[in-house]
Every structure is written in structure tokens, then in C-alpha cells.
Amino acid sequence: LGGIQSKSSAWHDVESYFKHRRAFHDLTVEFAASDGRQHRARLSGKPVLGGDGGFLGFRGTATDITTEIEFDRRLHMSESRLGEAIESMSAAFALFDADDRLILCNSRYRELHGFMAEEVKPGIRFEDLLRRSLVGLPLVDVEDAELEGWIQKRLAQHRATPSEHVQHRGDDRFFQVVERPTDDN
């Protein structure tokens, strides 16, 4: 990396490791490349000693991680935009994985679950969510067999690809629900 001008205080750390002849691992430094653009590199190195124990120099690696960092930045921006778009939907939206576990949802979907909205978090299984949400609903004179039949019908509806329906909460509120399973079966 000779002739590269430092743009990062991490270079000070590298110089300290060199000066004290200590190993270093995965230090990230910025530098201006010959094309004039800013780059980032990940550096690792260790001192090399001769047979007599004398210091001979350093052996290490430098990997340009500029593309990786830019990719991560763009991925984060895309995820943020997707989250904003899903949150702005008027429908209650949820995305479940192949094991029927919640990946993400919007606030309308959490609102659909009323008193237990705080339990609607990534990782919860749909069936568990469904059964827990029924505890707070006023279901008058419903027999267990009838309730279980409704649960099974709702599970089948949920597993249909894709599932879009209107759901009545029982408190005079109706929600348009969109559920999408992922294709990672």
C-alpha cells in the first residue's frame, strides 16, 4: 500500500501495531486509490521473526472491501425502502417463511391482533399467533369443535398462495389482510 495517503484514523492504529510489532486482524482503513476514488481495505498482519528471534518484518493481507461495503449500504437502503412501503400500505400485511414464522409485518397487521400486538414479532408461528389472538375476542356460545374448525379453516386460508381477505376483529373493525408465504420451501 505504498504511496497511499491515509484518509482514516485507523492508519494510526496500523502504525502503532507496526511500531510495537504486534499482530492485528481485520482493521478497516480508508485510502485514496490511484483512480482518485476513496476505497476501504481490511488489513490483517503478524510479525515475522527469524530463527534467532529477531524481527524480520510483517506478513499479512489487504483486501479491498469497497464493493462489499457499497453493496451492504445499497442493501440497507433497499430494505429500508421496502419497510417504508410495507408500512404505508392500508392493508394489514405480513410475510411468513416456509416454517410459517413471521418475517415482517406492518403496524396494521399488529393492530389486527389488538391486545396482543406486542407479541406480533418476527419468529412467531402463525398458528400460535392465531390461537393467542382468539383468547381476547368475545366469542359467545362457540363450542370447542366449532372453534377448532374455524382455526383449521383460517390456517388453510393463510397457507393459500397468496392469501388476501377481509377479517372482522369482532369489535366492529374490519381489516383487509394480505399474507404472503416465501418461496423458500
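What you see is a predicted model, and the numbers here were worked out from it, not measured in a lab.

Caption draft 1: The arrangement of the side chain of threonine 66 in detail. By the secondary structure assignment, threonine 66 is in helix 2 (residues 66–87). Among the polar contacts made by the side chain of threonine 66, one reaches the side chain of histidine 39 at a distance of 3.2 Å. A distance of 2.6 Å separates a polar atom in the side chain of threonine 66 from a polar atom in the side chain of aspartate 64. Threonine 66 has contacts with Gln38, His39 and Arg40, leaving out every residue within four places of it along the chain.

Caption draft 2: Structural context of the pairing of strand 5 (residues 102–105). Here strand 4 (residues 92–96) runs beside strand 5; their pairing, made up of three bridges, is antiparallel. Paired with phenylalanine 96 across the strands is leucine 102, a residue of strand 5. Counted along the chain from strand 4 to the antiparallel partner strand 5, the turn is five residues long, and its residue aspartate 100 has a positive phi close to 65°.

Caption draft 3: Seen up close, the pattern of salt bridges. Taken as a whole and judged by the stated rule, the model has 11 salt bridges. Across the pair arginine 42 and glutamate 68 runs a salt bridge, and its minimum N-O distance is 3.3 Å. With arginine 42 in strand 2 (residues 38–49) and glutamate 68 in helix 2, this residue pair connects regions lying 26 residues apart in the sequence. Residue glutamate 68 is classed as partly exposed on the basis of its relative accessible area, which comes to 41%. Note that arginine 74 is salt-bridged to glutamate 70, the shortest N-O span being 3.1 Å. You can see arginine 74 and its partner glutamate 70 sitting in helix 2, four residues apart, about one turn around the helix. When its relative accessible area of 27% is taken as the criterion, glutamate 70 is described as partly exposed. What emerges from the salt-bridge pattern is a single network uniting Arg125, Glu127, Asp128, Arg131 and Glu148.

Caption draft 4: Representation of the nonpolar core. Grouped together as the largest cluster of nonpolar side chains are 17 residues, with contacts concentrated most on Leu102 and Tyr109. Counting residues per element, the ones that place at least two in this core are strand 4, strand 5, helix 3 (107–112), helix 4 (126–134) and helix 5 (144–159). When residues in this core are grouped by element, the largest group, four residues, is from helix 4. Counting residues in hydrophobic clusters, the runner-up holds nine residues, among them Trp11, Val14, Leu27 and Leu43.

Caption draft 5: Spotlight on the sheet that holds strand 2. Across the sheet, three strands lie side by side as 1-2-3; this open sheet has antiparallel pairing. Unpaired on one side and paired on the other, strand 1 (24–32) and strand 3 (55–64) mark the two borders of the sheet. Going from strand to strand, the sheet's axes swing by 35° on average, the running direction of each strand aside. Pairing analysis gives nine bridges linking strand 2 to strand 3, with the strands arranged antiparallel. Across the sheet, residue alanine 41 finds its bridge partner in strand 3, namely aspartate 64. Relative to strand 2, helix 2 is tilted by about 130°, and along the sheet it contacts strand 2 and strand 3.

Caption draft 6: Quick peek at the packing of aromatic side chains. Counted by the stated rule, this structure contains seven aromatic pairs. Note on phenylalanine 96 and tyrosine 109: the rings are 6.3 Å apart at their centroids and 70° apart in plane angle, and the pair reads as edge-to-face. Of the two residues, phenylalanine 96 sits in strand 4 while tyrosine 109 sits in helix 3, which places them 13 residues apart along the sequence. Here the two residues phenylalanine 96 and tyrosine 109 agree in accessibility, since each one is buried.

Caption draft 7: Just helix 4, in detail. Phe126, Glu127, Leu129, Leu130, Ser133 and Leu134 are the residues of helix 4 that are buried. The arc enclosing the buried residues of helix 4, seen along the axis, measures out at 160°, which places them on a common side.

Rules behind the numbers
Residues numbered from 1 in each chain as written. Predicted model: local features only at pLDDT ≥ 70, side-chain atom pairs only at ≥ 80, totals over all residues. Heavy atoms only, no water. Helix = DSSP H or I, 4+ residues; strand = E, 2+ residues; numbered from the N terminus. Polar contact = N/O pair within 3.5 Å; in protein donor to acceptor, adjacent residues only side chain to side chain. Contact = heavy atoms within 4.5 Å. Pairing = 2+ DSSP bridges. Salt bridge = Lys/Arg side-chain N within 4 Å of Asp/Glu carboxyl O. Buried < 20%, exposed > 50% of the residue type's maximum accessible area, 1.4 Å probe, protein only. Core = buried A, V, L, I, M, F, W, Y, C linked by side-chain atoms within 4.5 Å. Axes fitted to C-alpha atoms, helices over the stretch in contact; angles between N-to-C directions. Phe/Tyr/Trp six-rings, centres within 6.5 Å; stacked < 30°, edge-to-face > 60°. Arc of directions from axis to C-beta.

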